[in-house]
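Residues per chain are reported as follows:
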Amino acid sequence: MRQRVGWTAEESLPGRGEVLRLQGVPAQLDLPPRIGALLEAALAAYREIAEPRALIGGISREEFREVHRGEGRNAPETPLETVLAGAERLALFVATVGGAVTTRIHDLFGSNEPALAAMLDSVASAAADRLTVLLGALPPGPEGGAGANGARALAYSPGYCGWHVSGQRALFAFLDPGEIGVTLNPSCLMEPLKSVSGVLVAGPSGIHRFAPAYPFCRECRDQPCRARNAAFSTS
Amino acid sequence: MDILKEIAASLERGEDDRVAGLVRQALEERCAPLDILNRGLIAGMDVVGEQFRKREIFLPDVLIAARGMYAGLDLLKPLLAQEGVPSAGRIVLGSVRGDLHDIGKNLVAIMLKGAGFDVLDLGADVPAQRFVDAAQEHGATVIGLSALLTTTMPVMKEVVELVRARGLAGRVKVIVGGAPVSEAWAREIGADAHGYDAANAVERVRALVAAGA
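In this text the structure is predicted, and so the values were computed from the model without any measurement.

J.: Mind showing me how you'd approach the domain arrangement of chain B here?
T.: Often, the extent of an interface is quoted as the loss of accessible area on bringing the components together. Residues and elements named next belong to chain B. When its domains are assigned, chain B resolves into domain 1 (3-82) and domain 2 (90-212). For domain 1 versus domain 2, the distance between C-alpha centres works out to 26 Å. Counting from both sides, the interface comprises 11 residues of domain 1 and, opposite them, 10 residues of domain 2. For the pair domain 1 and domain 2, the summed buried area comes to about 1,000 Å², and 69% of that belongs to carbon and sulfur atoms.

J.: Would you take a moment to explain the sheet that holds strand 5 (residues 193-194) of chain B for this structure?
T.: Strands in a sheet are paired, the pairing made by backbone hydrogen bonds, and the direction either parallel or antiparallel. All names here are of chain B. Overall, parallel pairing links the 5 strands, which are arranged 2-1-3-4-5 in an open sheet. Unpaired on one side and paired on the other, strand 2 (118-121) and strand 5 mark the two borders of the sheet. The pairing of strand 1 (residues 90-95) with strand 3 (residues 142-146) spans 5 bridges and is parallel. Looking across to strand 3, one finds that Ser 95 is bridged to Ser 146. Across the sheet, helix 5 (residues 103-114) touches strand 1, strand 2 and strand 3, and the angle it forms with strand 1 is around 165°.

J.: What's the story with the side chain of Ser 195 of chain A in this structure? I'm lost.
T.: All names here are of chain A. As for its placement among the helices and strands, Ser 195 is situated in strand 7 (residues 195-203). For Ser 195, a relative accessible area of 8% gives the class buried. In this structure the side chain of Ser 195 is engaged in a polar contact, spanning 3.0 Å, whose partner is the side chain of Thr 96. In this view, Ser 195 contacts Ala 95, Thr 96, Val 182 and Met 190; residues no more than four positions away in its chain are not counted.

J.: Explain the side chain of Ser 187 of chain A to me, please; I cannot follow it from the model alone.
T.: Within the secondary structure, Ser 187 of chain A is located in the loop between strand 5 (183-184) and strand 6 (190-191). For Ser 187 of chain A, a relative accessible area of 9% gives the class buried. At a separation of 3.2 Å, a polar atom in the side chain of Ser 187 of chain A contacts the main-chain carbonyl oxygen of Gly 98 of chain B. Apart from the residues lying within four places of it in its own chain, the contact partners of Ser 187 of chain A are Arg 97, Gly 98, Leu 149, Thr 151 and Thr 152 of chain B.

J.: So what exactly am I meant to see when it comes to the packing of aromatic side chains here?
T.: The description of two aromatic rings rests on the distance between their centres and on the angle between their planes. Residues and elements named next belong to chain A. With the rule as written, the count across this model stands at 3 aromatic pairs over all chains. With a centroid separation of 5.6 Å and an interplanar angle of 90°, the aromatic rings of Phe 64 and Trp 163 are classed as edge-to-face. A residue pair is termed long-range when its members are at least 10 positions apart, and Phe 64 in helix 4 (residues 61-69) and Trp 163 in the loop between strand 4 (152-156) and helix 8 (168-175) qualify at 99 residues. Summarising the burial analysis for this pair, Phe 64 and Trp 163 share the class buried.

J.: Got a minute to help me understand the interface of chain A and chain B in this structure?
T.: In this assembly, 27 residues from chain A lie in contact with 30 residues from chain B. For the pairing of chain A and chain B, the buried interface totals around 2,300 Å² over both sides, and the portion due to carbon and sulfur atoms is 64%. Summed over the shared surface of chain A and chain B, the number is 2 salt bridges. The shortest N-O distance in the salt bridge between Arg 34 of chain A and Asp 61 of chain B comes to 2.9 Å. For the interface between chain A and chain B, the tally reads 6 residue pairs in polar contact (both at pLDDT 80 or more). Contributing elements (two or more residues each) for the side of chain A that touches chain B: helix 3 (33-49), helix 6 (99-110) and helix 7 (114-136) of chain A. When residues in the side of chain A that touches chain B are grouped by element, the largest group, 5 residues, is from helix 7 of chain A. A class-by-class count of the residues in the side of chain A that touches chain B yields 14 nonpolar, 7 polar and 6 charged.

Here is what the cut-offs are and how they apply
Along every chain, residues carry numbers that run from 1 in the direction the sequence is written. Note on labels: chains are lettered from A, ligands numbered from 1, in written order. Local features in a predicted model are, by the rule used here, given only for residues with pLDDT of at least 70; side-chain atom pairs are given and counted only at 80 or more, and totals for whole chains, interfaces and linings are based on all residues. Derived side-chain values reflect all non-hydrogen atoms in the structure, with water molecules and hydrogen atoms excluded from consideration. The split into domains, and so the bounds of each, comes from an automatic or database assignment of domains. Any two residues having at least one pair of non-hydrogen atoms within 4.5 Å are treated as being in contact. By buried area we mean how much accessible surface two parts lose on assembly, using a 1.4 Å probe and totalling the loss over both. Only strands that DSSP links by at least two bridges are regarded as paired with each other. For the purposes of this entry, the term helix denotes a DSSP run of H or I that reaches at least four residues, the term strand denotes a run of E that reaches at least two, and both are numbered from the N terminus. Here an angle of 0 to 180 degrees is reported between the N-to-C directions of two axes, which are lines fitted to C-alpha atoms, with helices fitted over the stretch in contact. Partly exposed residues are those whose accessible area sits between 20% and 50% of the maximum for their type, while under 20% is buried and over 50% is exposed, using a 1.4 Å probe and protein chains only. Under this definition, polar contacts are N or O atom pairs within 3.5 Å; protein pairs additionally need one hydrogen-donor-capable and one acceptor-capable atom, and for neighbouring residues in sequence, both atoms have to be side-chain atoms. Only rings of Phe, Tyr and Trp enter the pairing, Trp through its six-membered ring, and a pair is recorded when the two centres are within 6.5 Å. The plane angle decides the type: under 30 degrees is stacked, over 60 is edge-to-face, the rest tilted. Each salt bridge in this description consists of a side-chain nitrogen of Lys or Arg and a carboxyl oxygen of Asp or Glu lying within 4 Å of one another. Under this grouping Gly is polar, as are all residues other than the nonpolar Ala, Val, Leu, Ile, Met, Phe, Trp, Tyr, Cys and Pro and the charged Asp, Glu, Lys and Arg.

Structure, rendered in structure tokens:
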């Protein structure tokens, strides 16, 4: 079963700190007024045009193993295989903040507003990531909700952690997210650009902990797993 | 203060809305357009770029300065063209076929323009042949390729091979960049350089041009 979910732009709005982190601005910085003004303008633009929505569907472990196998191009060992062993529920998802944001970013670059364009890009990226958090908090059910009841639902996506990006094809074939306006191009890139996809894995928080010592971790620039592990140790 | 130093200082301080007015004033004071470009706009953006490299300022500061630089450059471009002034070098830039990400490529374009390069931005989803055709047609000496997906990185190799097949190797150099792209990948496909971020890309392009690309 699948479930279509929608949010207001306000509900999907990311924290200012997260947007600034994507802009490379340190959290402890006393924010210069001109950067603060830029951030507020980008948040206002996002509120005006974003249309956050998602499609989520529950999937059995066996079905997911097939999806995850994809075209057989994954790394020989991936953390997801270990994470799956302790999972209580799984749900595939595709979520987007909508195409208007990408169009606005493009237009701003074209009209000599690169600072606002880049800031809006960071707002939209952070908002798309926030959609996975919102999806993870949906109540459990056959239509895909994975969160609540003390379980920790975290997202894993093709293109990361050894799951080859070509896995998008199997994921899209299973979920068929055309109804929320998200498509896949021949390079496995989602359109609109500010979209996210993957599997939500719900279970005790400990199952998501792993050491970033896989061969592909050396090439990974942002290593979100480190932030996740840090969050577990303080929660 | 010397008007050209004032232009540079305005860019450094992020007073982007003042720059066009100062450039206009400098032209009224009969400063040569090339001086305004080199000692005003490029000098200011060089300082901005250096501060960015040292992490003294951040991406939004660079882009606010870039807005000012563009406003000034718009006034100077027709005059520089009239005088036949050459740029620091001509670069063809784009995100490779299948890749619609263009933020990183746009940042590189902005930094290159700020360093005085003439940038022909082909946009996103650009086939290999179009990069090489554009470089030949416009006399570019460097092709810059951006990819954010591992599935699109092979297009970079296609471009390098096409440059060789057309006998342009050495005259047209290829620089690659993007999140999954590494120095090792650049070596593997025979690219001439790898830029790990926008500021580094400018340094590498400068080196390629200086080496006689």
